[in-house]
Amino acid sequence: MEPGKFPLSQQTPSKMQGFFRESLGWALDQYGTVLGLLAMTAVVSYAVLIADLRSQEGSAAALNLAGHERMLVERGVVLAMKMTATESHVERQAIRQQMVDTISLFENMHGYLRNGDRLVRQGPRLLAEPGELAPELRLIYFEDPIKLDQQINAYIEAIRKLLSRPVDAVNSDDPYFQYLTSDAPEKILSGLDKVVAYYQQNADFRLQNTQDLQGVMLALFLFALAFGGMGLLNPLVKRLKDSMANLQAQRDFNENIINTAQALIIGLDTRGKIILFNRYAQEISGWTEDEVRGSEFFAMLFTPEQQGQMRVLFDDVVQGGLSGETGTEVPMRIRSEELVDIIWHATVVRDQDSKQPVLFLITGDDITERKRAEDRLQATLVELEKLSSRLQEEINLAAALQHSILPSPDIVLPGVHGVASLTTSSEVGGDYYDYYKVGGYYAVMVIGDVSGHGVAAGTMVSAAKAGLYPLANEGVTRPAEILRSLNETMLATAHQSLLMTMGCLSLDSRTGHLRFANAGHVLPYLKRRGDKHWTMIEGGGLPLGKSRDSDYLSVELDLQLDIGDRIFLYTDGVVEQESARGEPFGYERLEAILNENAEAEPRVLEEKILAALKAYGGRDHFDDDVTVAVLEHTDRVEVQAARDEGSAQLIRITEGFYRGQSDHFTSPTSRQLVVFLSEGEFHDLLPRLSVDGIRRVLPRDDAFYHRLGWEHLLSQHQASPDDDIYCLVPGRVAERQFQLTHSDDKLFFMEEGRAWLEELGVMAPDQLESILLVLDEMVENSLYGAPRDGQSRPFYLKGTTRNLSENEHVRIHLAVGSDTIGLSVTDNWGTLTPAIFLDHLTHTLAKGVEAGIGGAGLYLMWRMSDYLQVRVTPHRRTQITTLWDLSRPLQVGLKTGFQFLYHSEHDEVVSHDSGRFTFH
């Protein structure tokens, strides 16, 4: 080997190694740079995308909060309406707790949205971080015209005020409830819709920005990947896939929000075809998204009549109008062809460059249940108002009826004068006083008190009044007998559920002999003439309605009164009246007032006691019903002066007695003085009454007859030169009279009468028709039935047109009182007899109306009226009078009473052969 080559060979490898090392170092440095660049690019891309996705998540959460807040507003209103609609305390407590949870959640959500807090995910939770409210949202929340924050605070305050009240005190009249059911919540919902629309638009905007940012990051990464080499692309691709997966998760999250929203969300393309149909819309409509996708929105979900309204909304939104924000209520047609009430809102998504619509987003709120709740609530309120009005009317009627059954407070009885006063603590009371006279010399008085007051107590008072009527008519004077009879009445009425205390006294004013019996009532006081002190009349027994075995005869007291002696009667409301401190008035204070005013006139003494009670209680009303009565024995009555010649001879036959007799009734006196007291329908007794010649029948317990005046009706047999209407319809407010001169006048006068009565407007249509029917029959009788010769043969055939002679008079008299209407027709023939009258009633009742057989007119007069009275002066005058009770509906029955008053016994026979007569 040549000497110079070895060093060369030794130097070459060394240089080559250095070059390789330098090249490898450079390559390694470049690799590190490329790898760092790729890593930095990936990190930056990842950081930017993660931050944007988290921002997207917070924006979506804010959108969800706004939508959920809207639902909570409606829920608060619905819960408030449920609370007022239910009467259950337990249900109200449960609803109240739901309202507390709802308003707390709502207030928290509102705080996040109002402050602009950002919702950031940390682990599985979303946490709120302080943020800044967007200017658009600030305008909505704090600036005119919406001021949503102010409206929401007012709504929260209304809920809180409503919750601060006792649950049972919340009602529809509460101003905060009325605020919740006003249009205020709708305004809040409208504002929240704008917030939702903003967040939706913001989410769409951020989504678009994310997509753009992804493109930039992708380009940057591809550039870095191309620069760094394909060998380093796999890690970047993996990270890119991860980013796309996150983006898809965000999109799934948004779709989940849309599908879980409690509102219909429907997306439309520019042709109006459905491209989005969320889960709630599917539940409400009954169609799946696959079934409606691609369908024409208007034709699919709306009737032809409603499509026009929705197209107006659609066009207005496209043109930038506000209809989509304010909402439009249009029913939606669902799969079952039913209509569901929906409030629709709409927004349009436009292309940022061309500004052309690319998507229409339609949202709808189902208000069916709310409207049904409102309808049910309104119907309930109407029913409650009707019920309240009806109950108040019935209470007022009961109060008026109770007041009407009380006798005059100025007591005038044989040998007794006095005063009485009854003051109820409510509309209907449980106190009662009454009095009557018997035989012209017995004075009977009762005073009672039902346990409690109100309508139930008023019913007992009415029962006591009804039970006392027959006793007064039958002339019962023994207090023990009166209490025994009323005890049976109270037992039959209340079945021991209510009791009534009662004191009863009876004075024989011929001798001053006083009997007193007490059924658990507070003890009365007696003051002898000349004494300065009152003493109690002690005596007691069980209250009325307590026991069927009550014995009042054993506790009956006998006293002797002198002229000038006084008796003070009262109810326990006097001594139990409480002061402001709850102390009762008591017997000592009562006795002090009685003794201080021992010589005062009865009226003055009564006024002193009532004034002292009001002063003691510190108010004008009493805690309980208060009744006081002061009686004075003023004079002794002579037996001869006490006899009532007009009524003492009357013979009253009760229905029970009459039905129990099998023998023919023979009156010991004139049949004019025999009165049959019916207790119900008595038509089966008409044949017997006709045979026995009993022509006066009065229903014993009919309120109308008692209002007419029982004694007044009993005395009708006394002759009167005037029309009976003058005494049977006192206090007339209007009347008309017509005089017939021709048979054709009947139709004219009937039309005149109809027009006059219709103009007055005081009766129901069926009552008016019954009056006109009876009037027609009355006039027919006077024109064709009454004119007869001495053989009882009619002068004129029925229907004959004729002039009335100069000596023939037919007069119609109509009179209207406050609660009664009367009709009478008078002629101057006097040919109708009691026997004919009774025979025709009996025949028509048994056979019905028969052609050629008269009497149907009399039968109709009886059946169609509430009272029928015929007064005949033979061969001189016939006057038929009928009365109707305007306070009750028309009653066409067989209970109507009648009286045939015949002012002569000459030629009268008990019974006639009905075949001989054709009286109409």
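Here the structure is a predicted model, which is why all the values come from computation and not from measurement.

Reading guide: rules and limits
- Residues numbered from 1 in each chain as written.
- Predicted model: local features only at pLDDT ≥ 70, side-chain atom pairs only at ≥ 80, totals over all residues.
- Heavy atoms only, no water.
- Helix = DSSP H or I, 4+ residues; strand = E, 2+ residues; numbered from the N terminus.
- Buried < 20%, exposed > 50% of the residue type's maximum accessible area, 1.4 Å probe, protein only.
- Areas by Shrake-Rupley, 256 points an atom, 1.4 Å probe, with all protein chains shown as cover.
- Salt bridge = Lys/Arg side-chain N within 4 Å of Asp/Glu carboxyl O.
- Pairing = 2+ DSSP bridges.
- Core = buried A, V, L, I, M, F, W, Y, C linked by side-chain atoms within 4.5 Å.
- Contact = heavy atoms within 4.5 Å.
- Axes fitted to C-alpha atoms, helices over the stretch in contact; angles between N-to-C directions.
- Parallel < 35°, antiparallel > 145°, perpendicular 65-115°, else oblique.
- Nonpolar A, V, L, I, M, F, W, Y, C, P; charged D, E, K, R; others polar.
- Polar contact = N/O pair within 3.5 Å; in protein donor to acceptor, adjacent residues only side chain to side chain.
- Phe/Tyr/Trp six-rings, centres within 6.5 Å; stacked < 30°, edge-to-face > 60°.
- pLDDT = per-residue confidence, 0-100.

A.B. asks: If you had to explain the overall build of the chain to someone new, which residues and values would you point to?
C.D. replies: Helix and strand counts for the chain stand at 28 helices and 29 strands. When the 920 residues of the chain are sorted by exposure, 48% land in the buried category. Of the roughly 44600 Å² of accessible surface on the chain, 54% is carried by carbon and sulfur atoms.

A.B. asks: So what's going on with the pattern of salt bridges? Residues and values would help.
C.D. replies: Side-chain pairing between opposite charges can occur once the charged atoms of the two side chains come close. Counted according to the given criterion, the structure contains 44 salt bridges. Across the salt bridge formed by Asp-174 and Arg-165, the nearest N and O atoms sit 2.5 Å from each other. By relative accessible area, Asp-174 is classed as buried at 7%. A relative accessible area of 31% places Arg-165 in the partly exposed class.

A.B. asks: Tell me what's going on with the sheet that holds strand β19 (residues 566-570), and back it up with residues and numbers.
C.D. replies: Read from one edge to the other, the open sheet built from six strands follows the order β10-β11-β20-β19-β16-β17, with strand pairing classed as antiparallel. Looking along the sheet, the strands with just one partner apiece sit at the ends: β10 (410-413) and β17 (535-536). The pairing of β19 with strand β20 (residues 626-633) spans five bridges and is classified as antiparallel. Bridged to Tyr-570 within β20 is Val-628.

A.B. asks: Can you explain the nonpolar core? Please cite residues and give values.
C.D. replies: If you look at the biggest cluster of nonpolar residues, it comprises 57 residues, and the most contacted ones within it are Phe-676, Leu-689, Ile-812, Leu-823, Phe-837, Trp-862 and Phe-898. Ranked by residues supplied to this core, first place goes to helix α26 (residues 765-785) with nine residues. If sequence neighbours within four positions are ignored, Trp-862 has contacts with Phe-682, Leu-686, Leu-841, Leu-868, Leu-894, Thr-896 and Phe-898.

A.B. asks: Could you give an account of the packing of helix α27 (residues 834-847) against helix α28 (residues 856-864), with specific residues and numbers?
C.D. replies: One way to put it is that α27 packs onto α28 with a least axis distance of 8 Å and a crossing angle of 85°. What the angle tells us is that α27 and α28 run roughly perpendicular. Residues Phe-837, His-840, Leu-841, Thr-844 and Leu-845 of α27 lie in contact with α28, whose contacting residues are Ala-856, Leu-858, Tyr-859 and Trp-862. For the contact of α27 with α28, the class distribution of residues is seven nonpolar, two polar and no charged.

A.B. asks: I'd like a description of the environment of Asp-702, backed by residues and values.
C.D. replies: Note on placement: Asp-702 falls in the loop between β23 (696-699) and α22 (703-708). Residue classification places Asp-702 among the buried positions, given a relative accessible area of 16%. In the structure, Asp-702 is positioned 22 residues away from Gly-680 in sequence and 9.2 Å away in space, judged by C-alpha atoms. For Asp-702, the side chain forms a polar contact with the main-chain nitrogen of Phe-704, separated by 2.8 Å. Here Arg-888 takes part through its side chain, which lies 3.4 Å from a polar atom of the side chain of Asp-702.

A.B. asks: So what's going on with the packing of aromatic side chains? Residues and values would help.
C.D. replies: Per the stated rule, a full pass over the model turns up 26 aromatic pairs. Consider the rings of Phe-302 and Trp-344, whose centres lie 5.5 Å apart with planes at 65°: the pair is edge-to-face. In this pair, Phe-302 is assigned in the loop between α10 (297-301) and α11 (304-318) and Trp-344 in strand β8 (residues 342-350), connecting sequence segments 42 residues apart. Just as Phe-302 is buried, Trp-344 falls in that class too.

A.B. asks: Give me the confidence of the model for the chain: which residues, what numbers.
C.D. replies: Here the chain shows a mean pLDDT of 81. Residues at 70 or above account for 84%. Every residue in residues 640-648 is under pLDDT 50, and counting partners more than four places away or in other chains gives nine contacts. In the model, residues 905-920 has pLDDT below 50 throughout and makes 51 contacts with residues more than four positions away in sequence or in other chains.

A.B. asks: Outline unusual backbone geometry, listing residues and values.
C.D. replies: For the bond running from Asp-144 to Pro-145, omega is 5°, close enough to zero to count as cis. Relative to the assigned elements, Pro-145 resides in the loop between α3 (135-142) and α4 (148-164). At His-875, a position not held by glycine, the phi torsion is positive, near 65°.

A.B. asks: Would you mind going over the pairing of strand β27 (residues 867-873) in detail, with residue names and values included?
C.D. replies: The buried fraction of β27 is high, at six of seven residues. For β27 and strand β29 (residues 897-902), the ladder comprises six bridges, and the chain directions are parallel. Each bridged residue has a counterpart across the sheet, and for Leu-868 the counterpart in β29 is Phe-898.

A.B. asks: Tell me about the sheet that holds strand β5 (residues 328-329), and please be specific about residues and values.
C.D. replies: In space, the five strands of this open sheet follow the order β4-β3-β9-β8-β5, with antiparallel pairing throughout. Across the chains shown, the open sheet's two edge strands, defined by having one partner strand only, are β4 (274-277) and β5. As paired elements, strand β3 (residues 264-268) and β4 share three bridges and run antiparallel to each other. Across the sheet, the residue bridging to Gly-267 is Leu-276, located in β4. Against the sheet, α11 engages β3, β5, β8 and β9 (357-366), with an angle of about 30° to β8.

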